[in-house]
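# Reading the structure
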Amino acid sequence: MMATATATAPAPEILADYRGNPRPVLHMPLSYEAARLGMAFHEAGHAVVALAYGVHVVRSEVIAWTHGTGWNLTGNTAYEARGTQPWHFAAQCAAGQIAQVQYLMAYGLWTPERAAACAADHDRDLAVDMLAQFGYRLGRDHVPAGGKSWGMVRGMARRTVDHLWREIRTVAHAMDENTALTGDEISALIGLPNPALAGGAA
């Protein structure tokens, strides 16, 4: 049974991007049930692709709360990515939006407005800034010398999401039903190992 939205908004840090700035609020013209499942696909995309690339996943969840007479949705996937190949990390960042849009297409829900509401610029910006710390050049709207564009990274992510669609779908429906899954629970569901934490126990 799908969980309902809580009456309490999450802490401000949950609604912030990695820089601490509030993430934009986008209107998703879907029912609560359909939008919640879409958010579960977004987070499942991050989590499953992360596991496929050898990233330790801690937890992945859908977060829903009421707001006046309406509702709000967000999600979060926590992971430990030390030692991950940088372009794999970037593709994992792109995989959430890719999976959410593919959900709209697969379930007959796609419209331009709904696809636009899947935008996740915070995921792109995280990839750009994290790769820059290691000397990798990722361009938001161009191909920098010696690097890749975000469009190229999205292409990598799309191929991986297509290959792992059955696993992503399995995790998304389980997350929609249970709200949150640990990395080990996701691993058990789909048969992809959850690597041990770097320098410690999983």
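Analysis parameters
- Residues numbered from 1 in each chain as written.
- Predicted model: local features only at pLDDT ≥ 70, side-chain atom pairs only at ≥ 80, totals over all residues.
- Heavy atoms only, no water.
- Pairing = 2+ DSSP bridges.
- Helix = DSSP H or I, 4+ residues; strand = E, 2+ residues; numbered from the N terminus.
- Axes fitted to C-alpha atoms, helices over the stretch in contact; angles between N-to-C directions.
- Contact = heavy atoms within 4.5 Å.
- Core = buried A, V, L, I, M, F, W, Y, C linked by side-chain atoms within 4.5 Å.
- Buried < 20%, exposed > 50% of the residue type's maximum accessible area, 1.4 Å probe, protein only.
- Expected span 1.5 Å × (residues − 1).
- Bend = angle between axes of the 7 residues up to and from the residue.
- Polar contact = N/O pair within 3.5 Å; in protein donor to acceptor, adjacent residues only side chain to side chain.
- Phe/Tyr/Trp six-rings, centres within 6.5 Å; stacked < 30°, edge-to-face > 60°.

## Digging into the sheet that holds strand S1 (residues 56–67)
- The strand order S2-S1-S5 describes an open sheet built from three strands, whose pairing is antiparallel. A single partner strand is all that each edge strand has here, and the edge strands are strand S2 (70–80) and strand S5 (180–182). Sheet twist, expressed as the average angle between the axes of neighbouring strands with direction ignored, equals 10°.
- As paired strands, S1 and S5 are joined by three bridges and run antiparallel to one another. Bridge pairing in S5 places Glu61 opposite Ala180.
- Strands in contact with helix H1 (residues 32–52) are S1 and S2; relative to S2, the strand with the most contacts, it is inclined by about 10°.
- Where helix H7 (residues 183–190) meets the sheet, it contacts S1 and S5, and its direction lies at approximately 85° from that of S5.

## With respect to the nonpolar core
- Residues Tyr103, Leu138, Val161, Ile168 and Val171 are the most contacted members of the largest nonpolar core, which totals 57 residues.
- Elements with a contribution of two residues or more to this core: H1, S1, helix H2 (86–106), helix H4 (121–133), helix H5 (150–163), helix H6 (165–178) and H7.
- With 13 residues, H1 is the largest single contributor of residues to this core.

## A few points about H2
- For H2, with 21 residues, the first-to-last C-alpha span of 30 Å sits near the 30 Å given by 1.5 Å per residue.
- Maximum bend of H2: about 35°, positioned at Ala95.
- For H2, a buried count of 18 out of 21 residues is recorded, marking the element as mostly surrounded by other parts of the structure.

## Considering the environment of Arg140
- Following the sequence through the fold, Arg140 ends up in the loop between strand S3 (138–139) and strand S4 (148–149).
- Residue classification places Arg140 among the partly exposed positions, given a relative accessible area of 37%.
- As a C-alpha pair, Arg140 and Asp125 span 15 residues in sequence and 8.1 Å in three-dimensional space.
- Every residue in contact with Arg140, bar those within four places of it in the chain, is listed here: Arg19, Arg124, Asp125, Val128, Asp129 and Trp150.
- A polar atom in the side chain of Arg140 sits 3.0 Å from the side chain of Asp125.

## Observations concerning the packing of aromatic side chains
- Counting across every chain of the model gives seven aromatic pairs.
- On the numbers, 5.7 Å between centres and 70° between planes, the contact of Phe41 with Tyr107 is edge-to-face. Here Phe41 is found in helix H1, whereas its partner Tyr107 is found in the loop between H2 and helix H3 (112–116), with 66 residues between them in sequence.
- For the pair Phe41 and Trp165, a centre-to-centre distance of 5.2 Å together with 25° between the ring planes defines the contact as stacked. With a gap of 124 residues between them, Phe41 in helix H1 and Trp165 in helix H6 connect regions that are remote in the sequence. An identical accessibility class is assigned to Phe41 and Trp165; each is buried.

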